[in-house]
Amino acid sequence: MDNEKCRAVIIDDEAWIREGLCEHIRWEKLGIELAAVFRDGVEALASLEENPVEILLSDIRMPNMTGLELVARLRESAKRNENRALSRTKVIFLSGYDDFKYAQEAIRLGAVDYLLKPTEVEEIEEALLRAKNLWNRERRMTVAPDAGEQPEEPGSYLIRKALNYIREHYAEDIQLTKLANELFVSPNYLSRLFRQETGLSFVDHLSRVRLEKACDLLREGVLKIYQVGEAVGYPNPRYFSEWFQKNTGMTPGEYRNRHS
């Protein structure tokens with residue numbers, strides 16, 4: 001099972017993009033075999049239902065059948081035929097359209113990533129490697145579900161968007177409901193997916209990000225302690241001090257003195 005190959009296909013209606021992806025992505029170095037290249041979703045569907053692959057790198061807007069329609073059909077086929085290999089296929093979408101309706105549908109279909117054209121080769125390779133690692137982890141968990149492995153990083157596009165949002169807005173009054181609205185999903189779904197992929201609740205992850213930033217600012221020694229609290233989302237100095245001590249065992253002042 002460990003020697004099972006990880007194969008990928010490319011689906012894009014533009015010949016120059018197909019050729020560029022074939023030639024410039026370092027498939028061998030990534031440990032991924034490029035199994036086939038298709039011009040549109042119809043051509044790909046006929047092949048993939050019979051010969052599933054592990055990674056699908058597809059454009060979204062194509063004639064005859066869009067990438068979104070293709071993946072939806074493949075998911076339906078997997079359910080009908082109980083095709084486990086097909087259901088585990090990891091999907092990376094490429095799109096020339098910065099339209100979140102497309103991204104939202106990509107999320108619903110379980111895409112690993114959604115990249116906007118033009119995309120750097122390195123960024124595509126990173127997405128391919130994430131998809132491969134996610135597929136490998138799921139495969140090992142299928143063989144040995146008690147292995148206790150934890151993902152090195154979240155696999156889904158949705159959770160990585162959520163984590164990026166937290167890193168950019170941690171100083172604000174972020175609520176799970178607000179974040180869910182930003183991502184066009186329900187709070188319950190986001191909460192469940194957050195814990196499933198990160199091992200932490202939304203609140204715990206936000207607190208961790210804020211604590212790391214507070215520690216950095218206290219070590220730098222530029223801001224006053226109450227300003228550090230404001231900078232990480234706790235404008236009440238007393239609450240910030242109590243929260244910090246609860247999480248570190250030291251008051252902000254003690255932490256600064258010890259690390260300055």
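Details of the structure are given in the entry above.
Described in the following lines is the structure provided in the data block.

Definitions and cut-offs
Numbers given to residues run from 1 along each chain, matching the order in which its sequence is written. Under the rules for a predicted model, residues below a pLDDT of 70 receive no local features and side-chain atom pairs below 80 are neither given nor counted, while totals for whole chains, interfaces and linings still include all residues. Neither water nor hydrogens contribute to the side-chain values; these are computed over all heavy atoms in the structure. Numbered from the N terminus, helices here are DSSP runs of H or I no shorter than four residues, and strands are runs of E no shorter than two. Buried residues are those whose accessible area, probed at 1.4 Å on protein chains only, stays under 20% of the maximum for their type, while exposed residues exceed 50% and partly exposed ones sit between those limits. Note on definitions: a residue-residue contact is assigned when non-hydrogen atoms from the two residues lie within 4.5 Å. Think of a salt bridge as a Lys or Arg side-chain nitrogen and an Asp or Glu carboxyl oxygen that are within 4 Å of each other. In this analysis, rings of Phe, Tyr and Trp, with Trp reduced to its six-membered ring, are considered paired at centre separations within 6.5 Å, and the interplanar angle assigns stacked below 30 degrees, edge-to-face beyond 60, and tilted for intermediate values. The criterion is simple. A nonpolar core is a set of buried Ala, Val, Leu, Ile, Met, Phe, Trp, Tyr and Cys residues joined through side-chain atoms within 4.5 Å. Comment: axis = line fitted to C-alpha atoms, over the contacting stretch for helices; angle = value between 0 and 180 degrees taken between N-to-C directions. These descriptions rest on fixed angle ranges, namely under 35 degrees for roughly parallel, over 145 for roughly antiparallel, 65 to 115 for roughly perpendicular, and the rest for oblique. Directions from the helix axis toward the C-beta atoms define the arc. Note: two strands are recorded as paired if DSSP finds a minimum of 2 bridges between them.

Along its length, the protein chain carries 14 helices and 5 strands. A buried classification covers 45% of the 260 residues belonging to the protein chain. Nonlocal contacts in the protein chain, meaning residues at least 24 apart in sequence, comprise 62% of its contacts between residues at least 6 apart.

Once that is clear, we can look at the pattern of salt bridges. This model, assessed by the stated rule, comprises 10 salt bridges. Put simply, Asp12 and Lys117 hold a salt bridge, and the shortest N to O gap is 3.0 Å. With Asp12 in the loop between strand S1 (7-11) and helix H1 (15-24) and Lys117 in the loop between strand S5 (113-116) and helix H7 (121-143), this pair connects stretches of sequence that are 105 residues apart. Its relative accessible area of 0% is what places Asp12 among the buried residues. Salt-bridge contacts for Arg39 lead to Glu43; the nearest nitrogen and oxygen are separated by 3.2 Å.

By convention here, two paired aromatic rings are described through the distance between centres and the angle between planes. The full count for this structure, using the stated rule, is 6 aromatic pairs. Note on Tyr234 and Tyr239: the rings are 5.6 Å apart at their centroids and 45 degrees apart in plane angle, and the pair reads as tilted. For Tyr239, a relative accessible area of 45% gives the class partly exposed. Members of the aromatic cluster, joined through ring pairs, are Tyr234, Tyr239, Phe240, Trp243, Phe244 and Tyr255.

We now examine the nonpolar core. Core analysis: the largest hydrophobic core is formed by 59 residues, its most contacted members being Ile11, Leu56, Phe93, Leu190 and Phe244. By residue number, the principal contributor to this core is helix H11 (residues 202-220), which donates 8 residues. Once residues within four sequence positions are removed from consideration, Leu190 is found in contact with Leu158, Ile159, Ala162, Leu176, Leu179, Ala180, Leu183 and Val185.

Relative to the assigned elements, His205 resides in helix H11. Excluding residues that lie within four positions of it along the chain, His205 makes contacts with Leu163, Ile166, Phe194 and Leu200.

Moving on to the environment of Pro187. One can find Pro187 in helix H10 (residues 187-198). For Pro187 and Leu176, which are 11 residues apart along the polypeptide, the C-alpha to C-alpha distance reads 6.3 Å. Contact partners of Pro187, with chain neighbours within four places excluded, come to Leu176, Thr177 and Ala180.

Right, let's talk about the packing of H11 against helix H13 (residues 237-248) for a bit. For the pair H11 and H13, the least separation of the axes is 11 Å and the interaxial angle reads 100 degrees. Taken together, the axes of H11 and H13 lie roughly perpendicular to each other. Two secondary-structure elements touch here, H11 through Ser207, Arg210, Leu211, Ala214, Cys215 and Leu218 and H13 through Phe240, Trp243, Phe244, Asn247 and Thr248.

All right, on to helix H14 (residues 252-259) then. Since there are 3.6 residues in each turn of an α-helix, residues three or four apart along the chain are aligned in direction. Among all positions in H14, only Pro252, Tyr255 and Arg256 are buried. Mapping the buried residues of H14 onto a view down its axis gives an arc of 100 degrees, with all of them on the same face. Opposite the packed face of H14, turned more than 90 degrees from it, sit the exposed residues Asn257 and Arg258. Where the residues of H14 are buried, they touch H11, helix H12 (225-231) and H13.

Moving on to the pairing of S1. Across the 5 residues of S1, 4 count as buried, placing the element largely inside the fold. Note: S1 against strand S2 (residues 33-38), 5 bridges, orientation parallel. Its bridge partner being in S2, Ile10 is matched across the sheet by Val37. As paired strands, S1 and strand S3 (residues 55-59) are joined by 4 bridges and run parallel to one another. Residue pairing in the sheet places Val9 in a bridge with Leu56 of S3.

Those residues of H1 that fall on the buried side of the exposure criterion are Ile17, Arg18 and Leu21. Seen end-on, H1 carries its buried residues on one side only, within an arc spanning 105 degrees. Across H1 from its buried face, at more than 90 degrees, point the exposed residues Trp16 and Glu23.

Read these as layout, nothing more, since geometry by itself doesn't imply function.
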